[in-house]
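Descriptive structure summary
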Amino acid sequence: MGFSMISHGEMDRLLESGKTFALIDLREKEAYARERIEGSRNIPFQELWERQGEVPRDMPVLFYCDRGSKSMVACREFSRRGVVCASLGAGIRNYRGKFIDRRPLGAIE
């Protein structure tokens, strides 16, 4: 089983579509606290394998990280385990879409 790479524009269209999927940010907690893509949840890459039970198996998963390399590794491993997943190519570093969230984390919850 393989996985997909999607562009920033494809991700924006997916977010606008209303389709159900999980969006997982693999960056460190501090980076996630500064900015994130709306609707994402944070599971730092270093904790991913011990927290793998938090990755949904009943819906597609879109992983992203800073530049795209860690999300590719996560996709490779999770797709081998039967999870339908995609990686955001080039990561969040160059994302300029309308779904960026820079509100303090306390304001979100």
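Right, let's walk through the structure included here. (Residues numbered from 1 in each chain as written. Predicted model: local features only at pLDDT ≥ 70, side-chain atom pairs only at ≥ 80, totals over all residues. Heavy atoms only, no water.)

1. Things to note about the pairing of strand β6 (residues 85-88)
The side chains of a regular strand alternate between both faces of the sheet. For clarity, the cut-off: Throughout this description, buried means an accessible area under 20% of the type-specific maximum (1.4 Å probe, protein chains only), exposed means over 50%, and partly exposed covers the range between. Helix and strand definitions here come from DSSP, where helices need a minimum of 4 consecutive H or I residues and strands a minimum of 2 consecutive E residues; each element is numbered from the N-terminal end. At least two DSSP bridges between two strands are needed for those strands to be called paired. If you view a crossover with the strands going away from you and the path from the first strand over the helix to the second runs clockwise, you call it right-handed.
Here β6 shows no split at all, with Cys-85 and Ser-87 on one side and Ala-86 and Leu-88 on the other all buried. Pairing analysis gives three bridges linking strand β1 (residues 4-6) to β6, with the strands arranged parallel. Of the residues in β6, the one forming a bridge with Ser-4 is Ala-86. Bridge analysis of strand β5 (residues 61-64) against β6 gives three bridges, and the strand direction is parallel. Looking at the pairing, Leu-62 lines up with Ala-86 of β6. With respect to chirality, the unit in which β5 leads through helix α3 (residues 69-80) into the neighbouring parallel β6 is right-handed.

2. Looking at unusual backbone geometry
One non-glycine residue, Ala-90, lies in the positive phi region at around 70°. On the basis of relative accessibility, which here comes to 39%, the residue Ala-90 falls in the partly exposed class.

3. Thoughts on the packing of aromatic side chains
Applied cut-off: Aromatic contacts are taken between Phe, Tyr and Trp rings whose centres are within 6.5 Å, Trp giving its six-membered ring; a plane angle under 30 degrees counts as stacked, one over 60 as edge-to-face, and the others as tilted. Charge over a ring is defined by NZ of Lys or CZ of Arg lying within 6 Å of the ring centre and within 35 degrees of the ring normal.
Using the criterion set out here, one finds three aromatic pairs in the structure. When the ring of Trp-49 is compared with that of Phe-78, the centres are 5.5 Å apart and the planes differ by 20°; the resulting orientation is stacked. In this pair, Trp-49 sits in the loop between β4 (41-42) and β5 while Phe-78 sits in helix α3, placing the two residues 29 residues apart along the sequence. Judged by its relative accessible area of 0%, Phe-78 falls in the buried class. Through successive ring pairs, a cluster of aromatic residues spans Phe-45, Trp-49, Phe-63 and Phe-78. Between Arg-36 and the ring centre of Tyr-32, over which it is positioned, the NZ or CZ distance is 5.3 Å. The positively charged end of Arg-81 is found above the aromatic ring belonging to Phe-78, 5.7 Å away from the centroid.

4. Here's the deal with helix α1 (residues 8-17)
As a reminder, the rule being used: The directions considered for the arc are those from the helix axis to the C-beta atoms. A contact between two residues is defined here by any heavy atoms of the two lying within 4.5 Å.
Among all positions of α1, only His-8, Met-11 and Asp-12 are buried. For α1, the buried positions fall inside an angular range of 100° around the axis, keeping them on one side. On its buried face, α1 is in contact with β1, β3 (36-37), β5 and β6. Looking one or two residues past α1, Gly-18 carries a phi angle of roughly 80°, positive in sign.

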